[in-house]
Protein chains: 2
Amino acid sequence: MPPPTPITAGKFKSFRLLLNKKHRLESGTCLIEGRRFVAEALDRPGTIDCLLCTPRFAGTPEGAEFLRDAGRRNAAVHTITEKQLGQLSDTVSSQGVLAVIRLPGVGPQDILRLRGERLLLVALDGVTDPGNLGAIIRTCAWFGADAVLISERSVELSNPKLLRSTMGAVFHVPVAAGISLPEMIPDLRKKGFRILAAEAGGEPAGAVLPCGGNVLLVFGSEARGLSPIVRDLADVKFGIAGSGRIESLNVSVAVGIALFMATSGTRNAR
Amino acid sequence: MPPPTPITAGKFKSFRLLLNKKHRLESGTCLIEGRRFVAEALDRPGTIDCLLCTPRFAGTPEGAEFLRDAGRRNAAVHTITEKQLGQLSDTVSSQGVLAVIRLPGVGPQDILRLRGERLLLVALDGVTDPGNLGAIIRTCAWFGADAVLISERSVELSNPKLLRSTMGAVFHVPVAAGISLPEMIPDLRKKGFRILAAEAGGEPAGAVLPCGGNVLLVFGSEARGLSPIVRDLADVKFGIAGSGRIESLNVSVAVGIALFMATSGTRNAR
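Residues numbered from 1 in each chain as written. Chains lettered and ligands numbered in written order. Predicted model: local features only at pLDDT ≥ 70, side-chain atom pairs only at ≥ 80, totals over all residues.

Caption draft 1: Representation of the packing of helix H8 (residues 130-142) of chain A against helix H13 (residues 251-263) of chain A. All names here are of chain A. In the contact formed by H8 and H13, the axes pass within 9 Å of each other and the chain directions differ by 15 degrees. Viewed along their axes, H8 and H13 adopt a mutual orientation that is roughly parallel. As for the relative orientation of H8 and H13, their crossing is right-handed in sense. Residues Asn132, Ala135, Ile136, Thr139 and Cys140 of H8 form the contact with H13, whose own contacting residues are Val251, Ser252, Val255, Gly256 and Leu259. When grouped by side-chain class, the residues that make up the contact of H8 with H13 number six nonpolar, four polar and no charged. (Axes fitted to C-alpha atoms, helices over the stretch in contact; angles between N-to-C directions. Helix = DSSP H or I, 4+ residues; strand = E, 2+ residues; numbered from the N terminus. Parallel < 35°, antiparallel > 145°, perpendicular 65-115°, else oblique. Left-handed = near helix turned anticlockwise from the far one by under 90°. Contact = placed C-beta atoms within 7 Å. Nonpolar A, V, L, I, M, F, W, Y, C, P; charged D, E, K, R; others polar.)

Written out as structure tokens, the structure is:
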């Protein structure tokens, strides 16, 4: 394996543009960071476009071993300076390794092709906080959901903070972004899915979940809740009762509770 | 009510220092932001040291009404420029209103003085992400927990991102920071509390919760889990079963699930 070469100014500039949503969407690539996350990407052929690391990272025993492994998989590796790292990463204490990757492409047809008798899908209707959406994807992977659907008005999947918050879970559950829920929900219902939407004041979660068969759980935005058209498409509205001291529950916590209930005793829990 | 006066350079400088943890701890004050959060502080006598707003905020009908209300409560108000706002706030689209406040002081003795037959306390053992800790406090307020205990090695309570993530819930549940859990847990046990600690591979949460009597739920750090000494003090270890696809669940999601289970059907749910 040839030693990694310093990145050219032109290539660095093109990668730095990936901090900008427009350029991520145009190129179809995005940046991920950290040894474990990058290792997950390396495990998936065709995912990594290019690996970037600092001499500091390459100089540690773990870093050297990591790069040898990347070389065996024919990944292109460039070194970047600490200053360049600071320009690509907003992590306070970065490990010094990043990758330019292509996220797995999952579309509406992939979702409609899923086969099973107890499928569990999660749809987010306008969730705009990248940390929340990342935590939700991580939670969906934890509970073994079959896919996550992200509506058009949500934060985009290649957002660096979102990807960081998934802790790599974006590789462990299919995530379809830019989904029109008003089109998708009727298609899922035709395939036998029940549509359960979270809403304050809905039926108690414990009375509704778990339920048999194929299920789509829908959660609305942090600020505005469900959009009216999606709300009207739900078969059941369910809520998570609270003490009444404050107005709302964090959406990623609500997803966690609903998935815990939906999967309790019914799926391949370890 | 006199019209708000522009802030002096000296006062602005002293408030800007509150972005620094050392100065927050020395002064006992910290910054909060947003109309609803500041309104919660105004409702609590002795909390607000000084209110800061931009002319843009003061010029809106809601802002003018808000300032009239603040005046009736004798709060000192200063105006700041948009540039000064940007130096105090890391919110992308700030409403233009902040306050310098003193957080409610809650100590170990306040916790030990709590009286009741179904008390529910939550302890965080080394949680270091301010967004996670803020979401946890919000979740504890939602489920009506009686207090939150934050261990010494955790992020400090006056952290701006933590306070923002509480969405004001820090005023709706007593939060004791800087607690020595190895000292506190034996004291709570003497008062009849059962100590239940979250740990991967522990007994299924659904088999342990809800349980009667006074309960302390303990959660460890994102990276390292429970500290060994705290782990050894637990009566029961409980876990939240997952699909096995990924290694861990977000700690604020884990707290949400445990509190949902601990309070289901047993407390003043609305």
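Caption draft 2: How the structure looks around unusual backbone geometry. Cis geometry marks the peptide bond from A:Leu209 to A:Pro210; its omega dihedral reads -5 degrees. Its place among the elements puts A:Pro210 in the loop between helix H11 (205-208) and strand S10 (215-220). Even without glycine at this site, B:Asn74 takes up a positive phi of about 60 degrees. Of note, B:Asn74 is situated in the loop between helix H5 (61-72) and strand S4 (77-79).

Caption draft 3: Just the relation of the copies chain A and chain B, in detail. Superposing chain A onto chain B takes a rotation of 180 degrees plus a shift of 0.0 Å along the axis, which leaves an RMSD of 0.0 Å. Put plainly, the chains are arranged around a two-fold axis. Most of the interface of chain A is mirrored in chain B: 100% of its interface residues are interface residues there too. (Least-squares fit on C-alpha atoms with pLDDT ≥ 70 in both.)

Caption draft 4: Layout of the environment of B:Ser151. All names here are of chain B. The residue serine 151 is located in strand S7 (residues 147-151) in this model. Measuring from C-alpha to C-alpha, the distance between serine 151 and glycine 178 comes to 5.2 Å, with 27 residues separating the pair along the chain. For serine 151, the residues in contact, after removing those within four places along its chain, are Ala123, Leu124, Asp125, Gly126, Ile179 and Leu181.

Caption draft 5: Summary view of the domain arrangement of chain A. Residues and elements named next belong to chain A. Once the domains are mapped, chain A shows domain 1 (5-101) and domain 2 (108-263). A separation of 31 Å is found between the C-alpha centroids of domain 1 and domain 2. Listed as interface residues are eleven residues of domain 1 and, on the opposing side, seven residues of domain 2. Ranked by the residues each element gives to the side of domain 1 that touches domain 2, the list is headed by strand S2 (residues 30-33), at four residues. Partitioned by chemical class, the residues of the side of domain 1 that touches domain 2 number four nonpolar, no polar and seven charged. (Domains from an automatic or database assignment.)

Caption draft 6: Layout of the interface of chain A and chain B. Contacts between the two partners involve 29 residues from chain A, matched on the other side by 29 residues from chain B. Elements with a minimum of two residues in the side of chain A that touches chain B: H8 and H13 of chain A. Ranked by residue count, the leading element in the side of chain A that touches chain B is H8(A), at six residues. For the side of chain A that touches chain B, the class distribution of residues is 13 nonpolar, 13 polar and three charged.

Caption draft 7: Spotlight on the nonpolar core. Ranked by internal contacts, the top residues of the largest apolar core, which has 182 residues, are A:Val218, A:Ala258, B:Val218 and B:Ala258. If we ignore the near neighbours within four places in the chain, the residues touching A:Ala258 are A:Ala198, A:Ala205, A:Leu209 and A:Leu217. (Core = buried A, V, L, I, M, F, W, Y, C linked by C-beta atoms within 7 Å. Buried ≥ 20, exposed ≤ 12 C-beta atoms within 10 Å, placed from the backbone.)

Caption draft 8: Region of interest: the confidence of the model for chain A. Residues and elements named next belong to chain A. Chain-level statistics for chain A give a pLDDT mean of 93 and a share of 97% at 70 or above. Counted against residues more than four places away or in other chains, residues 266-270, with its pLDDT under 50, gives eleven contacts. Listed scores for the predicted complex are pTM 0.92 and ipTM 0.91. (pLDDT = per-residue confidence, 0-100.)

Caption draft 9: Expanded view of the pairing of strand S5 (residues 97-101) of chain B. Residue and element names in this part refer to chain B. For S5, a buried count of five out of five residues is recorded, marking the element as mostly surrounded by other parts of the structure. On S5, burial covers both faces: Val97, Ala99 and Ile101 on one face and Leu98 and Val100 on the other are all buried. Pairing geometry for strand S2 (residues 30-33) and S5, over four bridges, is antiparallel. When the bridges of S5 are listed, glutamate 33 appears paired with leucine 98. (Pairing = 2+ DSSP bridges.)

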